[in-house]
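Fold and geometry: a report
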Amino acid sequence: MELKPEMILLDQEYTNKEDAIRASGQLLVEAGCVEEGYVDAMIERNKLVSVYMGNFIAIPHGTDEAKHYVKKSGISVIQVPKGAQFGKDDTEDVAMVLFGIAGIENEHLDILQKIAIFCSDVENVVKLADAKTKEEVIGYLQEVE
């Protein structure tokens, strides 16, 4: 599954995590990966278990009950240089890169694993957060293959 430029937003700002999650879900909707209901399931998932993963990244995805909204696997990437707060106001849970994910069966697990490996090095997250073009973001994430 390839990452397409229209699935990437650079230099975004969000006042809260719900707006950031909705934006990552909306990219999946616009690309025909999911139906609108999946976006609400992404918000619901974050209420159940935070989608913040550490190292300045969040991976919004839907609940298991929302699988029927998924039409095809997809991934969106949103760069938030000033960070979106995913914890309480006094915590360090700030996401500078969000990966919105929708997967059919287990297709997305492979992607998740690659993202996790790449982002386990915080320098790689900084590269993504500082990227100036969508092509640069795609280039970094293709290095993971």
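Shown above is the structure to which this text applies.
Residues numbered from 1 in each chain as written. Predicted model: local features only at pLDDT ≥ 70, side-chain atom pairs only at ≥ 80, totals over all residues. Heavy atoms only, no water.

1. Observations regarding the side chain of Arg45
Relative to the elements of secondary structure, Arg45 occurs in helix α2 (residues 37-48). When its relative accessible area of 19% is taken as the criterion, Arg45 is described as buried. Among residues more than four places away in sequence, those in contact with Arg45 are Val51, His61, Gly62, Thr63 and Asp64. (Helix = DSSP H or I, 4+ residues; strand = E, 2+ residues; numbered from the N terminus. Buried < 20%, exposed > 50% of the residue type's maximum accessible area, 1.4 Å probe, protein only. Contact = heavy atoms within 4.5 Å.)

2. Concerning empty space enclosed by the protein
The tally for this structure, following the rule as stated, stands at one cavity of 30 Å³ or more. In this structure, the largest cavity occupies an estimated 30 Å³ of space. Taken together, Ile8, Leu9, Leu10, Val77, Ile78, Gln79, Val97, Leu128 and Val137 form the lining of the largest cavity. When contributions to the lining of the largest cavity are tallied by element, the ones reaching two or more residues are β1 (8-9) and β4 (74-85). It is β4 that provides the largest number of residues to the lining of the largest cavity, a total of three residues. Across the lining of the largest cavity, the residue classes tally to eight nonpolar, one polar and no charged. (1 Å grid on protein atoms, 1.4 Å probe; cavity = no way out; pocket = protein on both sides within 12 Å on 5 of 7 lines; lining within 4 Å. Points joined across faces, edges and corners; volume = space filled by probe spheres on them. Nonpolar A, V, L, I, M, F, W, Y, C, P; charged D, E, K, R; others polar.)

3. A word on the sheet that holds strand β3 (residues 57-58)
Adjacent strands of a sheet form backbone hydrogen bonds with each other and so pair up, either parallel or antiparallel. An order of β1-β4-β5-β3-β2 is seen for the five strands of this open sheet, with the pairing classed as mixed. Two strands close off the open sheet at either side, each with one partner strand: β1 and β2 (52-54). Its contacts with the sheet place helix α4 (residues 122-130) against β3, β4 and β5 (94-102), and it is angled at close to 85° to β5. (Pairing = 2+ DSSP bridges. Axes fitted to C-alpha atoms, helices over the stretch in contact; angles between N-to-C directions.)

Honestly, it's all geometry; don't read function into it.
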